[in-house]
Amino acid sequence: ERIKTYEATGAQQLDLSGLGLRANDLRALMPAIHRLPNLRSLDLSDITLSNNAVQELNLGSIWGTVKVNLAFAENDTYTGTLKWGQLSGEGVRNFPNGDRYEGIFRQGAFNGQGTLKRANGNFYKGEFKMGQYHGKGTFSRTDGNNYEGDFSEGTITGYGTLKYPSGDVQTGRFEKGFRVFEEVAHQKKMNSVPTLVVRSKRMEQEQRALKYELHKH
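The paragraphs below set out a description of the structure included in this document. All figures in this text were calculated on a predicted structure; none of them were measured in a lab.

Side note on helix 2 (residues 23-34)
Given a rise of 1.5 Å per residue, 12 residues ought to cover 16 Å, and the 16 Å separating the end C-alpha atoms of helix 2 matches this to within 8%. Along helix 2, the residues classified as buried are Leu 26, Met 30 and Ile 33. Projected down its long axis, helix 2 carries its buried residues within an arc of 75°, all on one side. Facing away from the buried side of helix 2 by over 90 degrees, the exposed positions are Asn 24 and Ala 28.

Quick look at the structure:
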């Protein structure tokens, strides 16, 4: 009935949610759906589909966006929109290891503004490009380390501020996760040269740990 109404009114959105449809029902309806002209939006969010079903139903041939609920594997899901059969637009991806991404997708990858929360409590919020931290963002760890500033291709690169649990703060330019020290760093409680040397070594170790965390996913 909704498909007939769509055809009669010339609407550009078709909502098949709330009908209690199953995957087999959708398979029977897809030939009629593919014949619909000017379809800009198709809502299938009530039906849990496998990744293979996206290809089987030929959802990639639909010109508009498709709202879906996908189950790739156990505890590996995506809720959001598809474009040309790929994750595209706003969505939520849950990974088997407990990580969770919520934000913008493009061409199947994290692209644009989003938040990646790791199972261990660490999280990144900011800009992504092709699945990597890229642009402005904030990375926070449960141990109290926090960086806010520029990222490039998954690394802390550019201008930003790195805060440590001890209260020490480094502000300035970073290159691939490490502070470039030709600029002035603002440090708390660093009154003696020996203390500065010791703390600089400790900070480098913490920076290496932070860099490792950034490349886990």
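From this point, the discussion proceeds with the structure in view.
Side note on the environment of Glu 56
Among the structural elements, Glu 56 can be located in helix 3 (residues 51-56). Counting along the chain gives 29 residues from Glu 56 to Arg 27, while the straight-line C-alpha distance between them is 8.7 Å. There is a polar contact of 2.6 Å between the side chain of Glu 56 and the side chain of Arg 27.

Side note on the nonpolar core
One finds Leu 26, Ile 33, Leu 42, Leu 59 and Leu 82 to be the most contacted residues of the largest nonpolar core, which totals 38 residues. Sorting elements by how many residues they give to this core places strand 2 (residues 41-50) first, with four residues. The residues touching Leu 26, leaving out its near neighbours within four places in the chain, are Leu 16, Ile 33, Leu 44, Ile 47, Leu 49 and Leu 57.

Remarks on the packing of aromatic side chains
Applying the stated criterion across every chain, the model contains 15 aromatic pairs. Relative to Phe 105, the ring of Tyr 101 has its centre 5.0 Å away and its plane inclined at 90°; by these criteria the two rings are edge-to-face. Looking at Phe 105, the relative accessible area reads 2%, which means it is buried. Taking 6.1 Å as the distance between ring centres and 50° as the angle between the ring planes, the aromatic pair formed by Tyr 133 and Phe 139 counts as tilted. Accessibility expressed as a relative area gives 4% for Tyr 133, which makes it buried. According to the relative accessible area criterion, Phe 139 is buried, its value standing at 0%. A network of ring pairs unites the aromatic residues Tyr 78, Phe 95, Tyr 101, Phe 105, Phe 110, Tyr 124, Phe 128, Tyr 133, Phe 139, Tyr 147, Phe 151 and Phe 174 as a single cluster.

Criteria and cut-off values
Residues numbered from 1 in each chain as written. Predicted model: local features only at pLDDT ≥ 70, side-chain atom pairs only at ≥ 80, totals over all residues. Heavy atoms only, no water. Helix = DSSP H or I, 4+ residues; strand = E, 2+ residues; numbered from the N terminus. Expected span 1.5 Å × (residues − 1). Buried < 20%, exposed > 50% of the residue type's maximum accessible area, 1.4 Å probe, protein only. Arc of directions from axis to C-beta. Polar contact = N/O pair within 3.5 Å; in protein donor to acceptor, adjacent residues only side chain to side chain. Core = buried A, V, L, I, M, F, W, Y, C linked by side-chain atoms within 4.5 Å. Contact = heavy atoms within 4.5 Å. Phe/Tyr/Trp six-rings, centres within 6.5 Å; stacked < 30°, edge-to-face > 60°.

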